[in-house]
Amino acid sequence: MAAVPAQEQRLHRFELPAITGVLVREIINYTSYWRSATFSATVEPTIYLMAFGFGFGSIVSSVGGYDYVEFVGTGTVATAVLFASAFPAMFGTFVKYQFQHTYDAILAAPVDTEELVTAEALWVATRAGVYGCVPLLVAIVFGLDAAWSMLLVPFIGFLAGFGWACFGIAVAGRAKSIESFSYIISAVLTPLFLLAGTFFPLNGLPEWAQKLAEANPLHHTVQLVRGAAFGWAGWTDLLRVGYLAAVGFILWRLAIISMQRKLID
Amino acid sequence: MTDLAIRLRGVVKRYGEITAVNGLDLEVPYGTCVGLLGPNGAGKSTTMRLLTAQAIGDEGELHVLGFELPGESKQARAQCGVAPQLDNLDVTLTVEQNLRVFAHLYRVGRHERRDAIERALEIANLNDRRATRVDKLSGGMRRRLLIARALVHGPRLILLDEPTVGLDPQVRQELWALIDRLRAEGTTILMSTHYIEEAQRLADTVLIMSHGRAVAAGVPNDLVAEHAGREAVEVFGGPARLAEAEADARAAGFSTRRTGTSVSILRIDQANGGVPEGERRPANLEDVFVLLTGEEID
């Protein structure tokens, strides 16, 4: 057989077909497990919302000028985003390279690690953006006033979810075993989750804790969702968006480095 | 150089203290099937990973389909199909869904996708299983799907890493028939295996690897003639008898190898009289393999 001349078309470092290829794989797979994913991503924050909303709501009627149910209903959006992004990214990534060897198959195709990680994070972030709306809808059922600006909530969830997805992927790339995620969950995610102003306002906390909370992306997510529900805080909110984007960018690059080390010998 | 689908020169790949590939030269001409033969740990799988830039070599030159690796690897991968040793199908998806995913990953155009999937189903003879979930397939069907998945975009070169490892003889034959068909159609194939019969049946040329380098390369029959001669004699008996036969044959200048229950004395056709007593048989590729890669397992 005569040698065929090599194709002239050059492939670039970052290509849309590679991203869509990985996304198509995720979407087709999603059709086989969407029930369980949707269940865990929505039921858990809803339980938090109802337990705190009704439990605390009976003693504390209002916080910072809002009904407690409204306060928690908007706050748990960030929790839902976290649960729908960091956790699937950590466990999903680990399972896909360690047990299913999926990434070996994908990287044998014309897809590089950078494109693979980006596509996976985009997919998780999209899901997180959608799932993040569930507590808000529940809160609306329980009396939160709907507002047009709430239509931005999925985008806030997407932005925050992208960062958390990259965080999860970066952690998974360095994990020796699936048990090591316990350290991350206990030492990183749980404190961040409690120090976000979801269930109680942060201004009752000691000053050092308030300072720490300012660095917590989850806190800014909570504040942005409250902005969408109760009215924006102007430049402060833009700064929060910028902060989430910057954190997301850094975690995105870290996730790529971490996975390159893991997947390419 | 343009008539070579794969060309490796002096490739070295180290993992810490271990040198998995140690100065490997490998050539795969277009339209041929080359068998990469070697014991476990010889560096076959690492070589396969180097060809898709999932491992990056420390030294040497790698060209795949005229592209230089690792820099132009994405280009090479686009025209290459890979059937890995470890089954990495999406088990909760159907046969057809698995093929569709890879049609996307390998950028088969929107209008050609349906035909590409049908063709792959045809090749793997899985037409009536298209809607079956992968975890409901037999081991042989999964392996056929794995190969079909590697062919969905009509690649110019396919890499098969141990295509029949761990399968029943019946299923193995079925896969051999599939690979032989591809070969007959002119697909360029690089196949790693540690089954000698597989290499002898399917490969136009084989390259025998040991400790990360090529110890012999050529047409299987030529290698047999060159290294093991035309005929061998097998001497059977108890351990003492075998040791004696081995010592006598070596003293008389023959090469020997143990075959578990017997000692094979090689190159008897080139002896000047004095052929030891035993069962005569044609020399084979296994004789060459053991002679060149050593009798001991590390």
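About the thresholds
- Residues numbered from 1 in each chain as written.
- Chains lettered and ligands numbered in written order.
- Predicted model: local features only at pLDDT ≥ 70, side-chain atom pairs only at ≥ 80, totals over all residues.
- Helix = DSSP H or I, 4+ residues; strand = E, 2+ residues; numbered from the N terminus.
- Buried ≥ 20, exposed ≤ 12 C-beta atoms within 10 Å, placed from the backbone.
- Contact = placed C-beta atoms within 7 Å.
- Pairing = 2+ DSSP bridges.
- Axes fitted to C-alpha atoms, helices over the stretch in contact; angles between N-to-C directions.

Asker: Could you clarify how one ought to interpret the overall build of chain B in this entry?
Answerer: Secondary structure assignment for chain B yields 10 helices and 14 strands. Judged by the C-alpha coordinates and their principal axes, chain B covers about 70 × 45 × 35 Å. Residue burial in chain B is summarised as follows: out of 298 residues, 47% are buried. Within chain B, counting contacts between residues at least 6 apart in sequence, those at least 24 apart form 69% of the total.

Asker: Quick question: what am I supposed to make of unusual backbone geometry here?
Answerer: Note on backbone geometry: most residues besides glycine have negative phi, and most peptide bonds are trans. Residue and element names in this part refer to chain B. Of note, the bond from leucine 69 into proline 70 is cis; its omega dihedral lies within 30 degrees of zero at 0 degrees. A positive phi angle, near 55 degrees, is found at asparagine 125, a position not held by glycine. Examined against the element boundaries, asparagine 125 turns out to sit in the loop between α4 (113-123) and α5 (139-151). Asparagine 125 sits in the partly exposed class, given 14 other C-beta atoms within 10 Å. Residue arginine 267 is not a glycine yet carries a positive backbone phi of 60 degrees. Residue placement: arginine 267 occurs in the loop between β13 (262-265) and β14 (279-282).

Asker: How do you make sense of the sheet that holds strand β2 (residues 18-29) of chain B when you look at a structure like this?
Answerer: All names here are of chain B. Read across the sheet, 4 strands follow the order β2-β1-β4-β5 without closing on themselves; strand pairing throughout is antiparallel. Two strands bound the open sheet, and with one partner strand each, they are β2 and β5 (67-69). Sheet twist, expressed as the mean angle between neighbouring strand axes with direction ignored, is 25 degrees. Contacting β1 (4-15), β2 and β4 (59-64), helix α1 (residues 44-51) crosses the sheet at an angle of about 65 degrees to β2.

Asker: What should I look at first to understand the environment of B:Leu24 in this one?
Answerer: All names here are of chain B. Along the polypeptide, leucine 24 turns up in strand β2. Overall, the presence of 25 C-beta atoms within 10 Å leaves leucine 24 in the buried class. As for leucine 24 and glycine 212, which are separated by 188 residues in sequence, their C-alpha atoms are 6.8 Å apart. Beyond its immediate stretch of four places on either side in the chain, leucine 24 contacts Leu8, Val11, Thr47, Gly212, Arg213 and Ala214.

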